Amino acid sequence: MRYLLAIAFILGSQLSFAQQSIRLTEGWQFLKEDLGGIWEAVRPAKKGNPETVPLWTPVTLPHSANERDAVDPDVNYYEGPMWYKTKLDVKNPYSHGRTLLHFEGAGQKSEVYVYTTKVGSHVGGYDEWTVDITDAVNAFKNNDSLFKAFKSQVPIAVRCDNSRDLEMMPSDLSDFNLYGGLYRYVNLVYEPALYIDKVFAAPKVNEDRAAGQLGIRLRFNNPEKIHSANLSVTLKAPSGKIVKRLQKHLDHFDGDQAVADLKINSPQLWSPDKPELYSLEATISSEAGSHTSVSPVGFRSFEFVKKGPFILNGKRLLLKGTHRHEDYAGLGPAMTEELMRKEMILMKGMGVNFIRLAHYQQSRIILNLCDSLGILVWEEIPWCRGGLGGSVYQAQGKRMLTNMIEQHFNHPAVMIWGLGNENDWPNDFPEFDKEKIRAYMKELNVLAHSLDPSRKTAIRRCDFCKDIVDVYSPSIWAGWYRGIYTEYKDVTKSEFDKVDHFLHVEWGGDSHARRHSENPDNALKDIKATGTADERAGDASLYGGAARASKDGDWSETYICNLFDWHLKEQETMPWLTGTAQWVFKDFSTPVRPDNPVPYMNQKGVVERDLTKKESYYVFQSYWATKPMAHIYGHTWPVRWGKEGEEKMIKVYSNCDEAELFVNGKSYGSKKRNSQDFPAAGLRWNIPLHKGNYNVIVVATKENTAVRDTIQFKYQTEKWGKPALVKLEKVAEENGIATIEAKLYDKNHVQCLDATNWIRFGLTGDGTLIDDLGTSSGSRKVQLYNGRAIIKLKTNSGRSVASAKVETLPVAFLTL
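Scoring rules and cut-offs
- Residues numbered from 1 in each chain as written.
- Predicted model: local features only at pLDDT ≥ 70, side-chain atom pairs only at ≥ 80, totals over all residues.
- Heavy atoms only, no water.
- Pairing = 2+ DSSP bridges.
- Helix = DSSP H or I, 4+ residues; strand = E, 2+ residues; numbered from the N terminus.
- Axes fitted to C-alpha atoms, helices over the stretch in contact; angles between N-to-C directions.
- 1 Å grid on protein atoms, 1.4 Å probe; cavity = no way out; pocket = protein on both sides within 12 Å on 5 of 7 lines; lining within 4 Å.
- Points joined across faces, edges and corners; volume = space filled by probe spheres on them.
- Nonpolar A, V, L, I, M, F, W, Y, C, P; charged D, E, K, R; others polar.
- Polar contact = N/O pair within 3.5 Å; in protein donor to acceptor, adjacent residues only side chain to side chain.
- Contact = heavy atoms within 4.5 Å.
- Buried < 20%, exposed > 50% of the residue type's maximum accessible area, 1.4 Å probe, protein only.
- Salt bridge = Lys/Arg side-chain N within 4 Å of Asp/Glu carboxyl O.
- Phe/Tyr/Trp six-rings, centres within 6.5 Å; stacked < 30°, edge-to-face > 60°.
- Lys NZ or Arg CZ within 6 Å of the ring centre and 35° of its normal.

1. Describing the sheet that holds strand β1 (residues 20–23)
In any sheet, the strands associate via hydrogen bonds between backbone groups, in a parallel or an antiparallel arrangement.
Next, step 1: As summarised here, the arrangement of the four strands in space is β1-β10-β5-β8, forming an open sheet in which the pairing is antiparallel. Of all the strands in the sheet, the pair left with one neighbour each is β1 and β8 (129–132). In this sheet, neighbouring strand axes are inclined to one another by 25 degrees on average, regardless of whether the strands run parallel or antiparallel.
Next, step 2: Taken together, the four bridges between strand β5 (residues 98–103) and β8 define a ladder with antiparallel strand orientation. Residue pairing in the sheet places L100 in a bridge with D132 of β8.

Structural data, given as structure tokens:
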């Protein structure tokens, strides 16, 4: 505030208020249905009258109507209207200033009311938007009796609606939920009568990167038609030192205005290893007051070499990527800033330097984190599957593309604007016309380049449009939807040769967390090498069609670790490869996969929906991370099985040069890491196991640093027969949260360690089951992992009876 006041004083401003933005998280009420009219939302409550209906629920923003029902195994998730309401103390400090509500994203259609006056609306669940509520607030305040009736507060109501609508992007068949609600932050913003609406900072570096320049355009909002103001522009280096400063007088504020073209000597370059961020401050000061906008600036150059690799700042960089959906256990899309930061730090810790934000514009918080952490970005609009709608549909796509580019223009992390995903996937409309899709794709491509000539355009999986965009990603799912994973390199090279600029996004496969296998390839004997690895209609189904890992495999973490391991070791031997992005970092909910081991979950993440790491996280870390690490496979595998004295492989994923393994105190020697020695880069030991308990330790070294990891497991030699009974027991309790575990046994009480039956948990009494989380340990209906499943419950300091039911077997009960 002091700094802004000083700037305003220097520029001769008559007013010295700084603009304010207040995050509105508390004091909201929610209704998961429609109203008869706006009056039902804003009518003042009458003291002593209990007959007010419907009943509203207090909530904290961000919030979604689908925070739990998206993964409820017994219902379809809610798609329909919903309402939010609150009351605000509106005290704009500016004379003739503007009061705005700024929505960072709301799904999927929204209407905003001040008392009974509709003040704005928006279509689209992912781009930001604002509503100017100034006039409606003033009118409400000027009604003295009404204002007093509301105790000098202004009633605000927002109607959101995620009903199915074919003429709206994205398609309901997009393999992710179209969530409803105020699931990103809402802000109350005070602005002077003249303020900066948008800053467009366009940094460039010359060919040898010894010098750069920064073009600056500004867009103003000037509802009071002010004719004179002073502009101050300051560029600060990553250290905070002022690099450039200029001041100028402005006398018109219409349209975008080029206000500066700054020359920069020896710019500090932004990169994943050193994400050097400059700060651009632009302040406009007039008789209305002062307004400052602060934007990130990063100087870097990049190139997709024709028929070659990716170049960043003059050097080859292998893009090591993943994907992200806005989705979290118990919250749906309504992730807090703290959770977003935790997620992105986990990605960076895995070694990620690139991310495709799928399949829609994501929170500004995520883009800020990509800038500061050093993660390059492909961000796209939600034209995803379904074909091509009419004029309303197409206008929305162009509007969302414009908003995405303008709102995220200044983020140095962004290098690609995505125009679509799987647009070769018909379903939503009777007509599926490839030429019309091509024509619309061309319009989007031209629009993207006109808005931002400095970035590339891209799409994934629409071969008949691959010549339109700058960068193309075909569908390659070697070892999951098609073929075997050892085909990966050959198939990728074949696809690489078909286009000038190639980037492989989406690869991998599903894994049911906590499920492990002694023989992960047994079910794959019927799968043949095909020479292609694309995903085709119906491949995601668990029934019918050709043999494939996605249908016939065991969905174990063991198999998927091998698949990832093979891909990653091959990528190190592909000098022409630009890079890849594994699908997807975190498990996420989807309405089109009700039969998966966790119902309604896409389980291709390397972490679960609550950010619990799966074993595969460490496979990536062993190839991509620089900080020394070592991880013994099997931390969630309490019982292994086999014959007495049978050799079993113990694998260690590590980026260290050498590792030594100890089993029950005995050293089994050291091994050197060799990335091309599959699996586990040679860090594997075949150990004869005997019935009993095992403690395994690895000590790995890299230069002068040693790291260690340890696991314990039991080895079972008894063979089991047909499942006959379920046993349920409490295995932990802490802070009022109890963990119960169900296990499946045969008639001789031998645990069935390969059992994958469905199990359903229940609870009656004082406690509350912690379910509908979309995780392996937070679902009341779930497939077993190695003949067991766990779930948690709140005891509420009372008594309860838990149940576990496996079809055809007697129900197991447990009194708590």
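2. Let's talk about the layout of surface pockets
Next, step 1: Each pocket or cavity is described by its volume, and for the largest pocket that value is around 1200 Å³.
Next, step 2: Looking at the largest pocket, it is lined by 34 residues, and the ones nearest its centre are H102, E128, D197, S293 and R364.
Next, step 3: Of all the secondary structure elements, the ones that give two or more residues to the lining of the largest pocket are β1, β5, β8, β10 (186–191), β11 (195–205), β17 (289–297), α6 (364–373) and α7 (391–407).
Next, step 4: Sort the elements by how many residues they give to the lining of the largest pocket and β17 lands first, with six residues.
Next, step 5: Residues that form the lining of the largest pocket fall into these classes: nine nonpolar, 18 polar and seven charged.

3. Some details on the side chain of N423
Next, step 1: On the secondary structure map, N423 appears in strand β25 (residues 414–426).
Next, step 2: Reaching out from N423, the side chain makes a polar contact with the backbone oxygen of W383 at a distance of 3.1 Å.
Next, step 3: Those residues in contact with N423 that sit more than four places away from it in its chain are W383, C384, R385, F432, I437, M441, R461, C462 and F464.

4. Details of the side chain of S800
Next, step 1: Within the secondary structure, S800 is located in strand β46 (residues 800–806).
Next, step 2: When its relative accessible area of 5% is taken as the criterion, S800 is described as buried.
Next, step 3: A distance of 2.6 Å separates a polar atom in the side chain of S800 from the backbone nitrogen of G767.
Next, step 4: In this structure, S800 is in contact with L763, T764, G765, D766, G767, L814, T815 and L816, ignoring residues within four places of it in sequence.

5. Overview of helix α12 (residues 615–624)
Next, step 1: Counting buried positions along α12 gives ten out of ten residues, so the element sits mostly inside the fold.
Next, step 2: If you check which residues of α12 are buried, you get E615, S616, Y617, Y618, V619, F620, Q621, S622, Y623 and W624.
Next, step 3: In this fold, the buried residues of α12 make contact with β21 (319–324), α5 (337–350), α11 (557–571), β32 (630–632) and β34 (647–654).

6. Looking at empty space enclosed by the protein
Next, step 1: Tallying each qualifying case throughout the model produces six cavities of 30 Å³ or more.
Next, step 2: Approximately 120 Å³ is the volume attributed to the largest cavity.
Next, step 3: For the lining of the largest cavity, the elements supplying multiple residues, two or more each, are β24 (384–386) and β25.
Next, step 4: Across the lining of the largest cavity, the residue classes break down as six nonpolar, five polar and seven charged.
Next, step 5: The calculated volume of the second largest cavity comes to roughly 100 Å³.
Next, step 6: Around the second largest cavity sit 13 residues that line it, and F176, N177, Y179, E326 and Y360 are the ones nearest its centre.
Next, step 7: Class assignment for the residues of the lining of the second largest cavity results in seven nonpolar, four polar and two charged.

7. Some thoughts on the pattern of salt bridges
Any two side chains of opposite charge can pair, given that their charged atoms come close.
Next, step 1: On inspection of all chains with the given rule, the structure shows 53 salt bridges.
Next, step 2: The salt bridge involving R23 is made with E337; its shortest N-O contact spans 3.0 Å. One end of the pair, R23, is in strand β1; the other, E337, is in helix α5, and 314 residues separate them in sequence.
Next, step 3: Owing to a relative accessible area of 25%, E337 belongs among the partly exposed residues under this scheme.

8. Quick word on the packing of aromatic side chains
Next, step 1: Tallying each qualifying case throughout the model produces 39 aromatic pairs.
Next, step 2: With a centroid separation of 4.4 Å and 15 degrees between ring planes, the pair formed by Y126 and Y360 is classed as stacked. Highlighted residues: Y126 in the loop between β7 (117–123) and β8 and Y360 in the loop between β22 (354–357) and α6, separated in sequence by 234 residues.
Next, step 3: For Y126, a relative accessible area of 4% translates into the label buried.
Next, step 4: With centroids separated by 5.7 Å and ring planes inclined at 70 degrees, the aromatic side chains of F496 and F502 adopt a geometry described as edge-to-face.
Next, step 5: Assessed through its relative accessible area of 3%, F496 is described here as buried.
Next, step 6: Three or more aromatic residues joined by ring pairs make a cluster, and in this case those are W480, Y485, W555, Y559, W566 and F678.
Next, step 7: One residue, R217, lies across the ring of F200, its end atom 4.4 Å from the ring centre.

Just geometry here; none of it tells us what the structure is for.
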